[in-house]
Amino acid sequence: MPNISTEDNYLTVLNLFTTDTPDKQDRLLTEMRRIVDAAAYEGWISSTVHAGQDSPGTANLIQWRSGEDLEKRYAGDEFKHRTLPVFREITTGIRLLQNEIVFTRTHPGLGGRIDVSPDRDDYTVIEVHRVGEADQAELLKLLGEGQDWLVNVPGYRSHSVFKGLRAMFVEGAFAVVYAQWDSKESYEAFRDLPHASKPMPRRGNDERIDALTVESDSNTYRVVHTRAMGE
């Protein structure tokens, strides 16, 4: 199964699609499964499809050997004249984010490996933070090392921080957090804790993240399909 690591040197692509109804989410998932199951692109490593939980939408976490391989895919007629038009028809928003994985952490009891698979029961949270280019490095540190206290939060499994490199349909610098929790209830208890009740390390960290972030959004997901090269 695919895993998230700072050591594999893959280009990590996160394609995020939003839509406005559950029926359209189902159509998105069907289309994404079709593309993943037929994938035979040069340099493609794996794709993992996620179904939106809080809001209708999908995410596809894709590993590529290099940016050059991905650009060949984007330049192809199938992508330009079949894939993009279909997605534009059934989505309200498209973001194609190219990233470098710069930080990972797991709960100490989980062995340090971050696997991504429909065979697991992770409740997955994906956050996208837009930030000024000059502040990107600090924000990445706050989102990663600055959240050491997460290992003590009930239900926490892992979090990974992606440095945004370039994107289609997103302006400016950005950072992504990909987090795994054991349940919706655990994550919501963490998310909805009143600011005044947060431990001081979290409170200060959250305040600085808010100060640096130009705009942010998130959604929650379940992994529903994955395939890797050679399968």
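Below or above, wherever it landed, is the structure these notes cover. (Residues numbered from 1 in each chain as written. Predicted model: local features only at pLDDT ≥ 70, side-chain atom pairs only at ≥ 80, totals over all residues. Heavy atoms only, no water.)

## A few points about the overall build of the protein chain
Phase 1: A tally of helices and strands in the protein chain yields 6 helices and 10 strands.
Phase 2: In terms of C-alpha radius of gyration, the protein chain reaches 17 Å, essentially the compact-globule figure of 17 Å for 231 residues.
Phase 3: Along the longest, intermediate and shortest principal axes, the C-alpha atoms of the protein chain span 55 × 40 × 35 Å.
Phase 4: Within the protein chain, residue pairs in contact and separated by at least 24 positions form 80% of the contacts whose partners lie at least 6 positions apart.
Phase 5: Surface accessibility of the protein chain: about 11,000 Å² in total, with carbon and sulfur atoms responsible for 48%.
Phase 6: Positive and negative charge centroids in the protein chain, built from 27 and 37 side chains respectively, lie 1 Å apart. (Helix = DSSP H or I, 4+ residues; strand = E, 2+ residues; numbered from the N terminus. Rg over C-alpha atoms; globule rule 2.2 N^0.38 Å. Contact = heavy atoms within 4.5 Å. Areas by Shrake-Rupley, 256 points an atom, 1.4 Å probe, with all protein chains shown as cover. Lys, Arg positive; Asp, Glu negative; His and termini not counted. Charge placed at Lys NZ, Arg CZ, Asp CG, Glu CD.)

## A word on the sheet that holds strand β7 (residues 123-131)
Phase 1: Taking strand neighbours around the barrel as the criterion, the 8 strands line up as β2-β4-β3-β10-β7-β9-β8-β5 in a closed arrangement whose pairing is antiparallel. Averaged over all pairs of adjacent strands, the angle between their axes in this sheet comes to 35 degrees, without regard to strand direction.
Phase 2: Both β7 and strand β9 (residues 173-181) contribute to a ladder of 9 bridges, which runs antiparallel. Note that in β9 the partner of V125 across the bridge is A179.
Phase 3: Those strands touched by helix α4 (residues 136-143) are β5 (93-106), β7, β8 (156-168), β9 and β10 (213-228), and its axis lies near 165 degrees from that of β8. (Pairing = 2+ DSSP bridges. Axes fitted to C-alpha atoms, helices over the stretch in contact; angles between N-to-C directions.)

## Observations regarding the pairing of β5
Phase 1: Of the pairings in the sheet, the one linking strand β2 (residues 11-18) to β5 comprises 7 bridges and is antiparallel in character. Pairing of F17 across the sheet is with I94, part of β5.
Phase 2: In this sheet, β8 lies alongside β5 in antiparallel orientation, the contact comprising 10 bridges. Looking at β8, one finds that R105 is bridged to H159.

## Section: the packing of aromatic side chains
Phase 1: In total, this model carries 10 aromatic pairs according to the counting rule given.
Phase 2: Connected via pairs of aromatic rings, a cluster forms that spans Y123, W149, Y156, W181, Y187 and F190.
Phase 3: R202 extends its terminal NZ or CZ atom over the ring of F190, reaching a point 4.0 Å from the ring centre. (Phe/Tyr/Trp six-rings, centres within 6.5 Å; stacked < 30°, edge-to-face > 60°. Lys NZ or Arg CZ within 6 Å of the ring centre and 35° of its normal.)

## Let's talk about α4
Phase 1: The complete set of buried residues in α4 reads Q136, L139, L140, L142 and L143. The arc enclosing the buried residues of α4, seen along the axis, measures out at 165 degrees, which places them on a common side. Along α4, exposed side chains directed more than 90 degrees from the buried face belong to A137 and K141.
Phase 2: Residues of α4 that are buried make contact with β5, β7, β8, β9, α6 (200-212) and β10. (Buried < 20%, exposed > 50% of the residue type's maximum accessible area, 1.4 Å probe, protein only. Arc of directions from axis to C-beta.)

## A closer look at the side chain of K198
Phase 1: Examined against the element boundaries, K198 turns out to sit in the loop between α5 (184-191) and α6.
Phase 2: For K198, a relative accessible area of 12% corresponds to the buried category.
Phase 3: A distance of 2.8 Å separates a polar atom in the side chain of K198 from a polar atom in the side chain of D206.
Phase 4: Sequence-distant contacts of K198, that is, excluding residues within four places in its chain, are made with L193, R203 and D206. (Polar contact = N/O pair within 3.5 Å; in protein donor to acceptor, adjacent residues only side chain to side chain.)

## Topic: the pattern of salt bridges
Phase 1: As enumerated under the stated definition, the model contains 23 salt bridges in all.
Phase 2: The residue R27 makes a salt bridge to E89 at a minimum N-O spacing of 3.4 Å. Placement of the pair is R27 in helix α1 (residues 22-38) and E89 in helix α3 (residues 77-90), with a sequence separation of 62 residues.
Phase 3: On the basis of relative accessibility, which here comes to 42%, the residue R27 falls in the partly exposed class.
Phase 4: With a shortest N-O distance of 3.6 Å, D54 and R191 are connected by a salt bridge. Linking D54 in the loop between β3 (44-52) and β4 (57-64) with R191 in helix α5, this pair joins segments that are 137 residues apart in sequence.
Phase 5: According to the relative accessible area criterion, R191 is partly exposed, its value standing at 35%.
Phase 6: Each of D54, K184, E188, R191 and D192 takes part in a single network of salt bridges with overlapping partners. (Salt bridge = Lys/Arg side-chain N within 4 Å of Asp/Glu carboxyl O.)

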